[in-house]
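Architecture at a glance
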2 protein chains.
Amino acid sequence: MLSESMITAMNVAIAQSGGPTCAINASLVGAFTAAASHPEVDRIFGAENGIEGIMEDRLVDLTERLSRPAELMLLRRTPSTALGSCRCRLPDLNEDDAPYRAILECFQKHSIQMFFYIGGNDSMDTAAKLSAYLARQGSSIQVLGIPKTIDNDLCETDHTPGFGSAAKYVAATLSEIACDSVVYSIPSVTIAEIMGRDSGWLAASSCVLRTTGCGVPHLIYLPEMPFSEERFLDDLRRKLTEEKHVVVALSEGIPLPAASACQSGVSDAFGHSYLAGIGKYLEGVVRRELGCKTRSIELNVMQRCASHISSLTDLQEAEQVAAAAVEAAFRGETGRMMCIKRLSSTPYAVTFESVPASLTANRTRYFPKEWITPDGCDVTEDALNYFLPLIQGEYPPILQNGMPLHWTL
Amino acid sequence: MLSESMITAMNVAIAQSGGPTCAINASLVGAFTAAASHPEVDRIFGAENGIEGIMEDRLVDLTERLSRPAELMLLRRTPSTALGSCRCRLPDLNEDDAPYRAILECFQKHSIQMFFYIGGNDSMDTAAKLSAYLARQGSSIQVLGIPKTIDNDLCETDHTPGFGSAAKYVAATLSEIACDSVVYSIPSVTIAEIMGRDSGWLAASSCVLRTTGCGVPHLIYLPEMPFSEERFLDDLRRKLTEEKHVVVALSEGIPLPAASACQSGVSDAFGHSYLAGIGKYLEGVVRRELGCKTRSIELNVMQRCASHISSLTDLQEAEQVAAAAVEAAFRGETGRMMCIKRLSSTPYAVTFESVPASLTANRTRYFPKEWITPDGCDVTEDALNYFLPLIQGEYPPILQNGMPLHWTL
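Residues numbered from 1 in each chain as written. Chains lettered and ligands numbered in written order. Predicted model: local features only at pLDDT ≥ 70, side-chain atom pairs only at ≥ 80, totals over all residues. Heavy atoms only, no water.

Topic: the overall build of chain A
- Along chain A, the regular secondary structure elements total twelve helices and 15 strands.
- Computed over the C-alpha atoms, the radius of gyration of chain A is 22 Å, within 12% of the 22 Å expected from 2.2 N^0.38 for a compact globule of 409 residues.
- The dimensions of chain A, computed from C-alpha atoms along their principal axes, are 75 × 50 × 40 Å.
- Expressed as a percentage of its 409 residues, the buried residues of chain A come to 63%.
- Just so you have it, chain A exposes about 14500 Å², and 51% of that area is on carbon and sulfur atoms.
- Where the 34 positive side-chain charges of chain A centre and where its 49 negative ones centre are 3 Å apart. (Helix = DSSP H or I, 4+ residues; strand = E, 2+ residues; numbered from the N terminus. Rg over C-alpha atoms; globule rule 2.2 N^0.38 Å. Buried < 20%, exposed > 50% of the residue type's maximum accessible area, 1.4 Å probe, protein only. Areas by Shrake-Rupley, 256 points an atom, 1.4 Å probe, with all protein chains shown as cover. Lys, Arg positive; Asp, Glu negative; His and termini not counted. Charge placed at Lys NZ, Arg CZ, Asp CG, Glu CD.)

What follows is the structure, given as structure tokens:
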């Protein structure tokens, strides 16, 4: 047994980045708990607003705060990024190394030996660049990426933490919208606009509703499918001969030729333009062309923050994959992202393994073409079997006076 | 004890009308169960699509179907109107009695002696007119109204079934949106657009979130408050000096001078125009005038159908008030609506009593002026105390394969 004096004390930092999810705080819990279990870890810091907080030396000591189980219980259930997030991209090292130097300075000042970055493909770009810089400087500081995104579009991993809960919220809400859509005796079209800028995973996942015997959604449109207004209207005309009330799951990223008309004109730091109103635009088209009662519903940020109906499987995996990243760091890994690898769908089983973060940086994993039905407006049974395990189990909120409680820094 | 032969057998009909809620099916359960407990009741019919279904003789025999407890368990949790709804207004009897004659014919054909109509103030107009017509015809058929609306704007009742669940969904979702709104380090304004065409009860009820220690919503705007864009911007400027991230609860019915620009131009059968996009409009104003990150979120139909986070108090009262209407009918009442009367807020206690349906028909109960703070952008502690009991308790969905199940006809 090691005596305490033989252990070289070191500190650890964790940060969160990109768009919020319901599971990113479960990953914070997983990374914290795993790090705290190592006796050589002294302090565990959280960085406010992702890598920005490292650059600006805005660290919060979580060591005592998160040592209480009640805090972890609440944090695990709290949506969005408890530490704050950022949309900050590191410049090319050869052009500007100032941010890198600021990061290294912060790490050294606080004796941080391991840095865990929970985020999507932009964040993995940061993890890859930063670990390369540190190695070049001869630093032994390690950087590990922990995946998250409701979009499920990260490469190399079977799926991403945050996605299962978003999928569960979207499908459960669609089942309720379906109940709402059928109440009047006149035919109707309801268009649910679902997040997914580049990939249609989330809109596609609404097919899980079929397992309840509910036919909704009747039509599914993804960015990975060619789209034309004429065909969309033809699909609706056909469906309306079978169903009085048609519900459509529409990915916000569908390649609409007129999409420019729907954009808000606002872009984020990565040059991603904010999409909004494609559903609203098509609502107008359908009302004009088909003349029936038409409604569009934007599920909006609730898709990524509605933690009152989250997937237990998702939250557990978010915690486990983060813990696995910590263990990988203790095995000496750096510059890598931890992945979820599916061993089997029935029975569902996964394992965790790491890949170079650079393999996932700035890349998008698209919904498989072979999971799109030949008519181009639905997904296959294989897709359903892929999605179904990810929404299993519930993790109800802690309520006080009828209201869910959330953890705040 | 009565022998069976001494009981005059009769049938009962129940219908649902107006906009869906999460609790209107609990009222169907309450009316069904109470009626079924009376030995003189033989068949219990549901009318499809409200009074339309009576006029068109579209009745469904619920007697056996709802005799199974499992069906009642599921129906109670199912959002929206399980029997379908309508937005049908009876004409003035002196101008056109054809619909009245069709209704009477249907009642007589099916030996219906009691008719229970679950709905809002338009439906109470139907209940009042129909009972007057029946009395004039010398018919002993009774008509009782059972209140429902998420808007909480029915006169004579302390609150309406359906409202508590909508309030719980809105506030819980706002608490999650609040988590989502604070993640980036730049200041932001988030505008949540909440249902309420004429009255601001639902937007006002979001104040219940304050009991969790969460300051959200920072500003509340109701149709009952005067509104100007200048003042709205001034309120925001002031709040942004106190809070980096401001969340606004905005009723869709605020008296915006430019509101005409936000209307979809579509009206329903009552001439109510569909409001949409007031939040989106003000989002543009705020972004232009204050130059900060701004987002608007329309909570849309989820407010009236998100049964996965409903209020147990609301569902129980919906069932009880419907049962009380059945008992009132058995005491000989007709042409009346059953009300909820609050006896006390702490401890919370209510009783049920009836009023003439004509007193509630076509009238709107506004949010009390005395519950608006002097600065005109918030509500008082009295309002909070009024709302708080209505969102207490949960009634989780029945899930299968991770998805909520719903009852269908």
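The structure having been displayed, the exposition proceeds.
Here we look at the nonpolar core
- In terms of nonpolar packing, the biggest core is built from 92 residues, with Leu202, Phe367 and Phe387 of chain A together with Leu202, Phe367 and Phe387 of chain B touching the most fellow members.
- The residues contacting leucine 202 of chain A, other than those within four sequence positions of it, are Ile150, Phe163, Ala166, Ala167, Val170, Ile194, Met195 and Gln303 of chain A.
- With 36 residues, the next largest nonpolar core counts Leu28, Phe32, Leu62 and Met338 of chain B among its residues. (Core = buried A, V, L, I, M, F, W, Y, C linked by side-chain atoms within 4.5 Å. Contact = heavy atoms within 4.5 Å.)

What about the sheet that holds strand β6 (residues 188-194) of chain B?
All names here are of chain B.
- The strand order across the open sheet formed by four strands is β7-β8-β6-β11, and the pairing between neighbours is parallel. Lying at the two open borders of the sheet, with one neighbouring strand each, are β7 (219-221) and β11 (293-298). Each adjacent strand pair in this sheet contributes to an overall mean axis angle of 15°, direction not counted.
- Across seven bridges, β6 lies against strand β8 (residues 245-251) in parallel orientation. (Pairing = 2+ DSSP bridges. Axes fitted to C-alpha atoms, helices over the stretch in contact; angles between N-to-C directions.)

Quick word on the sheet that holds strand β3 (residues 59-61) of chain B
Residues and elements named next belong to chain B.
- Sheet architecture is open: seven strands sit in the order β3-β2-β1-β4-β5-β12-β13, paired in mixed fashion. Edge positions in the open sheet fall to β3 and β13 (348-356), since each of these has one partner strand only. When the angles between neighbouring strand axes are averaged without regard to direction, this sheet yields 30°.
- In terms of strand pairing, strand β12 (residues 336-345) meets β13 through nine bridges, oriented antiparallel. Each residue of the ladder has a partner; that of isoleucine 340, found in β13, is phenylalanine 352.
- In the packing of helix α5 (residues 121-136) onto the sheet, the strands contacted are β4 (112-119), β5 (142-147) and β12, and the crossing angle to β5 comes to about 170°.

Some points on the environment of proline 69 of chain A
- Its location among the elements puts proline 69 of chain A in helix α3 (residues 69-77).
- In the structure, proline 69 of chain A is positioned eleven residues away from serine 80 of chain A in sequence and 20 Å away in space, judged by C-alpha atoms.

Notes on the relation of the copies chain B and chain A
- Take chain B, turn it by 180°, move it 0.0 Å along the axis, and it overlays chain A with an RMSD of 0.0 Å. Expressed as a symmetry operation, the mapping of one chain copy onto the other fits a two-fold axis.
- Mapped onto chain A, 100% of the interface residues of chain B again fall at the interface, so both copies present the same surface. (Least-squares fit on C-alpha atoms with pLDDT ≥ 70 in both.)

Some words on the pattern of salt bridges
Residues and elements named next belong to chain A.
- In this structure the tally under the stated criterion is 54 salt bridges over all chains.
- Its salt-bridge partner being arginine 287, residue glutamate 283 comes within 2.7 Å of it at the nearest N-O pair. In this pair, glutamate 283 and arginine 287 both sit in helix α9 (residues 278-290), four residues apart, roughly one turn of the helix.
- When its relative accessible area of 8% is taken as the criterion, glutamate 283 is described as buried.
- A relative accessible area of 28% places arginine 287 in the partly exposed class. (Salt bridge = Lys/Arg side-chain N within 4 Å of Asp/Glu carboxyl O.)

A few points about the packing of helix α4 (residues 98-109) of chain B against α5 of chain B
All names here are of chain B.
- It is at 11 Å that the axes of α4 and α5 come closest, and there the two elements cross at 75°. In terms of orientation, α4 lies roughly perpendicular with respect to α5. Here Tyr100, Arg101, Ile103, Leu104 and Phe107 of α4 come into contact with α5, specifically with Lys129, Leu130, Tyr133 and Leu134.
- Residue classes in the contact of α4 with α5 are distributed as seven nonpolar, no polar and two charged. (Parallel < 35°, antiparallel > 145°, perpendicular 65-115°, else oblique. Nonpolar A, V, L, I, M, F, W, Y, C, P; charged D, E, K, R; others polar.)

Notes on the pairing of strand β1 (residues 10-16) of chain A
Residue and element names in this part refer to chain A.
- The buried fraction of β1 is high, at seven of seven residues.
- The pairing of β1 with strand β2 (residues 41-47) spans four bridges and is parallel. The partner of valine 12 across the bridge, within β2, is isoleucine 44.
- The parallel pair β1 and β2, bridged by helix α1 (residues 24-36), forms a crossover whose chirality is right-handed.
- Strand direction decides the pairing type here: β1 and strand β4 (residues 112-119), joined by six bridges, are parallel. Residue pairing in the sheet places asparagine 11 in a bridge with isoleucine 112 of β4. (Right-handed = clockwise from strand over helix to strand, strands pointing away.)

Let's talk about the interface of chain B and chain A
- Across the boundary between the two partners, chain B contributes 62 residues, which contact 62 residues of chain A.
- Across the chain B to chain A interface the summed buried area is about 4700 Å²; carbon plus sulfur atoms make up 57%.
- Run the count over chain B and chain A and you get two salt bridges.
- For the side of chain B that touches chain A, the elements supplying multiple residues, two or more each, are α6 (163-181), α9 (278-290), β11, α10 (302-305), β14 (399-400) and β15 (403-404) of chain B.
- The dominant element in the side of chain B that touches chain A, judged by the number of residues it contributes, is α6 of chain B, at ten residues.
- Of the residues belonging to the side of chain B that touches chain A, the class tally is 28 nonpolar, 22 polar and twelve charged. (Buried area = accessible area lost by both parts, 1.4 Å probe.)

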